Amino acid sequence: MFVLRMALRETRASWRRLLFFFVCIAVGVAAIVTLRSVIQSVREVFGQEARTLIAADVLITTTRNWTPEARATIDKRLAEAGAEARTDTVETPTMVRPADSGKTATRMAELKAIGPEFPLYGTMTLEGGAVYRHDILKDHGVLVRPELLTALDVKVGDAIVIGQLPFTIRGVIANEPGRRVGDFSLGPRIMIDVADLESTGLLAVGSRARRVLLVRMPESRVQGLVRQLRSDFKDQFVNARSFRSDDDEIGRDFDRAENYLSLVGLVIVILGGIAVSSVTRVFVLQKIRSIAVLKCLGARSGQIMAVYLLQVLTLGLAGSLLGVALARAAVAAIPYFVGPVDTAGAGAMLADVHYGVTWSAALQGLGIGALVSLLFSIVPLLQVRYVKPSLLLRDESARSSFDWTRAIAVVLVSAALVALTAWQAASWTVGLSVCAGFAVLAVILLGMGRLLVQAVAPLANAKSFPLRHAVLHLSRPGNQTRVILLAVGLGAFFIVGVRSLQGSLLEELSMQMSEDAPDMFLMDIQRDQVDGVRRFLADPARGVGQSKLIPVLRARVTGIEGRETQLESFEDVRARGSLAREYTVTYRGQLEANETIVDGRFWTTPAATPAEAEISIEEGLASRFDLNVGDTVRFDLVGRIVTARVSSVRRVDWRDSRAGGFMFVFRPGVLDTLPQWYIAPLKGPGDTAARARFQHDLVAQYGNVSVIDFRDILVTIRDVMSKVTLAISVVGALVLFSGGLIL
């Protein structure tokens, strides 16, 4: 009872001094609880609608034409698994333009060709309350996203040209099942009937079409079907996944977001902990005589420390409860401050989220607030052990021996903070990294604080009374100068560092677009179009700088026989991650200006026979996958198996894109006769209107050619970076706010 009575008495006597660290804990806990609650609420809705996210139970995909053998195998497996429904879709990026020749706008769009059964799950809705029926798409009808109407200056009922044919806009997509939030897109979605796709001419050699078979079936047989299909196609370029794997992937995404964003709140709570430590230290110094009196009356050091620990723990819990209340208010206000939700695909689900504080987030916030308060108060409270009753008669503040108990306490508190950070990030590596970075930054800021105090020390002799006493106050015992500099410095580091990084990245991107650097790329140029495109680009009226058409093919690595790496099958290659992706490759007889040989020798003559096939590989790729000069790599190029020996390793300057950049370059003479297409990096017209006219005229003559305008991409990058910068600036502002509270 003595400890409880003393804790209540001390709290009543000094609550004003302890108020600001109580608020610091509240702000940090509010950040943790708010972030975790929002993410958990959104994840719950997405988990319940996992099938709608992919519009099917199972997706079977390929980037190549379906072979009769593959379709026969799939049909057999679906029949065995009791599939209830299926539908084919094809997705590919393409250029679209108004059919009205008086309008010069063109736009890259994401085309999706769908069958009558689409979607198998969910509901596709159109703007204006129109009901979607597949009949709308028949006879060259098209559905578009609203942003495309604005970009092309068209409306429902107008015609747009897709590939070689005009399509009539029959409606505007409001909600599309099967389109996940955050999916990368080259442009707005457009939808046509899968029966009309062939007539557009978009499925030529080199087409970037992705063919998808959607399946509805009993849930109990889903995983078995996926495992069987993966076994059947382990050495082919066919993938199968279920809504469960998609649900798991989304869950992992949300887990990462939840854990890493919670570190933001933890940083603020730790700053509150710094305030706890500082206030506790000053509080003990101010209470030394009271502690000496208590010891004269028979109180033990342990009892007195328990009094102040109970006081700190109570204030920590009270601050945490206030933080939970603040989080509840912030979460309740989200629907009023968030703008209208994009209803395309999974975006519609966000409208169904019921935001509220979750019990798990609230309990975690309470625990973290109390734990941080306790950890940061232990070390300064150990000072109580050295207060003796005789202090009332003489000064005995000096200590001569090393305090092992204090040192052990510091180590234990540090270990507990590392464990706490690892818990929030769900990773020991991240926890150690964050704590190490925090410690290094804190040491630097504390060192700068010491230097600052020394630098202004001569001003203590100034004639100005306010200035003299202000400088003297910086070095007085118990002052908070270093703690304030640490808190404010951390907040400033967040804001200035991130904004500097943003400026540097945008400046580098802008530099890459300067002078003669390409800012436009032409894709999917067919062999029989090469001469015509060259003449088109050479016309001075087009305002195009120097251009170069580069032959390219798509290839996958299916095996490696090397000094360090042995991969016998495509299944082995898949196990190496990104090595199994589809690469765009080329062939040529010389190095480009942005390339240098770091190992081996580049060829000087074409290969006379397939046995002389050679490749040059990019330095980073060689390092990641342990490839060396002399190794043999097996490729699948549009169905043809080609084996080539690594003859050189190249270093590529990726900032110079005048000749593109390739991981694999083949020796001429091997790929020349294979089906291929061309790309053309070039410097487009400088004027916006001239760029639009150039793209319109090119697509009007060559409907299958796609144009990627890097200026548009840069605008998107700027927009994304500005949002990221804003988010991190808010974090920095919260940290600065915490520093202000300590001040």
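Our structure's up above, just so we're on the same page.
Please read these numbers as outputs of a predicted model, since none were measured by experiment.

Asker: What should I look at first to understand the overall build of the chain in this one?
Answerer: Each helix and strand in the chain was counted, giving 19 helices and 21 strands. The proportion of buried residues among the 743 residues of the chain is 49%. Long-range contacts, defined here as pairs at least 24 residues apart, represent 81% of the contacts in the chain between residues at least 6 apart. As displayed, the chain has an accessible area near 35,300 Å², and 59% of this comes from carbon and sulfur atoms.

Asker: Help me understand the side chain of Thr586 in this model?
Answerer: If you trace the backbone, Thr586 turns up in strand 14 (residues 583–587). Judged by its relative accessible area of 1%, Thr586 is buried. In this structure the side chain of Thr586 is engaged in a polar contact, spanning 2.5 Å, whose partner is the backbone oxygen of Pro551.

Asker: Please explain the packing of aromatic side chains as it appears in this structure.
Answerer: In this description, a pair of aromatic rings is defined by centroid distance and the angle of the planes. Under the defined criterion, the tally for this structure stands at 6 aromatic pairs. With a centroid separation of 4.9 Å and an interplanar angle of 80°, the aromatic rings of Phe237 and Phe570 are classed as edge-to-face. Placement of the pair is Phe237 in the loop between helix 5 (222–232) and strand 10 (238–242) and Phe570 in helix 16 (residues 570–574), with a sequence separation of 333 residues. Using a relative accessible area of 10% as the deciding quantity, one classes Phe237 as buried. By relative accessible area, which is 3% here, Phe570 ends up buried. For the pair Tyr583 and Phe664, a centre-to-centre distance of 5.1 Å together with 90° between the ring planes defines the contact as edge-to-face. Residue Tyr583 is located in strand 14, and its partner Phe664 is located in strand 19 (residues 664–666); the two are separated by 81 residues in the primary sequence. According to the relative accessible area criterion, Tyr583 is buried, its value standing at 3%. Classification of Phe664 as buried rests on a relative accessible area of 1%. Here the aromatic cluster, defined as three or more aromatic residues joined through ring pairs, consists of Tyr583, Phe635, Phe664 and Phe666.

Asker: Just checking my understanding: could you explain the pairing of strand 6 (residues 159–162) for this structure?
Answerer: Pairing analysis gives 3 bridges linking strand 2 (residues 85–98) to strand 6, with the strands arranged antiparallel. Within strand 6, the residue paired with Val96 across the bridge is Ile162. Of the strand pairs in this sheet, strand 6 and strand 7 (residues 165–175) are connected by 4 bridges, and their pairing is antiparallel. If you follow Ile160 over to strand 7, its bridge partner there is Phe167. In textbook terms, the turn of a hairpin is the stretch between consecutive antiparallel strands, and for strand 6 and strand 7 this stretch comprises 2 residues, one of which, Gly163, has a positive phi near 65°.

Asker: Would you take a moment to explain the nonpolar core for this structure?
Answerer: Side chains of nonpolar character tend, in soluble globular proteins, to be buried together. Counting residues in hydrophobic clusters, the biggest one holds 36 residues, and the most contacted among them are Val58, Ile60, Ile74, Leu143 and Leu214. Elements with a contribution of two residues or more to this core: strand 1 (58–62), helix 3 (68–81), strand 9 (210–216), helix 5 and strand 10. Setting aside chain neighbours within four positions, we find Val58 in contact with Leu213, Leu214, Val215, Met217, Val222, Leu225, Val226, Arg241 and Ser242. In this structure, Phe237, Ile560, Val585 and Leu674 belong to the second largest nonpolar core, which totals 34 residues.

Asker: Would you mind going over the environment of Glu91 with me for this structure?
Answerer: Considering the arrangement of structural elements, one finds Glu91 in strand 2. What makes Glu91 buried here is its relative accessible area of 19%. Separated by 20 residues in the primary sequence, Glu91 and Leu111 place their C-alpha atoms 5.6 Å from one another. Setting aside its immediate chain neighbours within four residues, Glu91 contacts Leu111, Lys112, Arg189, Arg208, Ala209 and Arg210.

Asker: Could you clarify how one ought to interpret the pairing of strand 5 (residues 141–144) in this entry?
Answerer: Working note: regular strand, side chains alternate between the two faces of the sheet. Where burial is concerned, the two faces of strand 5 agree: the one with Gly141 and Leu143 and the one with Val142 and Val144 are both buried. Relative to strand 7, strand 5 runs parallel, the two being bridged by 4 bridges. Paired with Gly141 across the two strands is Thr168, which belongs to strand 7. Of the strand pairs in this sheet, strand 5 and strand 8 (residues 189–193) are connected by 3 bridges, and their pairing is antiparallel. For Val142, the partnering residue across the bridge sits in strand 8 and is Ile192.

Asker: Sorry, what's going on with helix 3 here?
Answerer: Residues that lie three or four places apart on an α-helix share one face, since the helix turns once every 3.6 residues. The end-to-end C-alpha distance of helix 3, which contains 14 residues, comes to 20 Å, matching closely the 20 Å that a straight helix rising 1.5 Å per residue would cover. Contacts from the buried residues of helix 3 go to strand 1, strand 2, strand 9 and helix 5. Downstream of helix 3 by one or two residues, Gly82 has phi in the positive range, about 75°.

Asker: How should a nonpolar patch on the surface be read in this particular structure?
Answerer: Where nonpolar side chains cluster on the molecular surface, the patch consists of Phe402, Trp404, Ile408 and Leu412 and spans about 520 Å² of accessible area. On the secondary structure map, Ile408 appears in helix 11 (residues 404–425).

Asker: Explanation requested: the side chain of Asp57 in the structure shown.
Answerer: Inspection of the secondary structure puts Asp57 in the loop between helix 2 (50–54) and strand 1. A distance of 2.9 Å separates the side chain of Asp57 from the backbone nitrogen of Met217, its partner in a polar contact. In this structure, Asp57 is in contact with Arg51, Tyr121, Val215, Arg216, Met217, Val222, Arg241, Ser242 and Phe243, ignoring residues within four places of it in sequence.

Asker: Can you walk me through the environment of Leu627 in this structure?
Answerer: Secondary-structure assignment places Leu627 in the loop between helix 17 (619–624) and strand 17 (632–637). Leu627 has contacts with Ile560, Ile617 and Ala622, leaving out every residue within four places of it along the chain.

Cut-offs used in this document
Residues numbered from 1 in each chain as written. Predicted model: local features only at pLDDT ≥ 70, side-chain atom pairs only at ≥ 80, totals over all residues. Heavy atoms only, no water. Helix = DSSP H or I, 4+ residues; strand = E, 2+ residues; numbered from the N terminus. Buried < 20%, exposed > 50% of the residue type's maximum accessible area, 1.4 Å probe, protein only. Contact = heavy atoms within 4.5 Å. Areas by Shrake-Rupley, 256 points an atom, 1.4 Å probe, with all protein chains shown as cover. Polar contact = N/O pair within 3.5 Å; in protein donor to acceptor, adjacent residues only side chain to side chain. Phe/Tyr/Trp six-rings, centres within 6.5 Å; stacked < 30°, edge-to-face > 60°. Pairing = 2+ DSSP bridges. Core = buried A, V, L, I, M, F, W, Y, C linked by side-chain atoms within 4.5 Å. Expected span 1.5 Å × (residues − 1). Patch = residues over 30% accessible without salt bridge, like charges linked within 9 Å, V, L, I, M, F, W, Y side chains within 5 Å. Salt bridge = Lys/Arg side-chain N within 4 Å of Asp/Glu carboxyl O.

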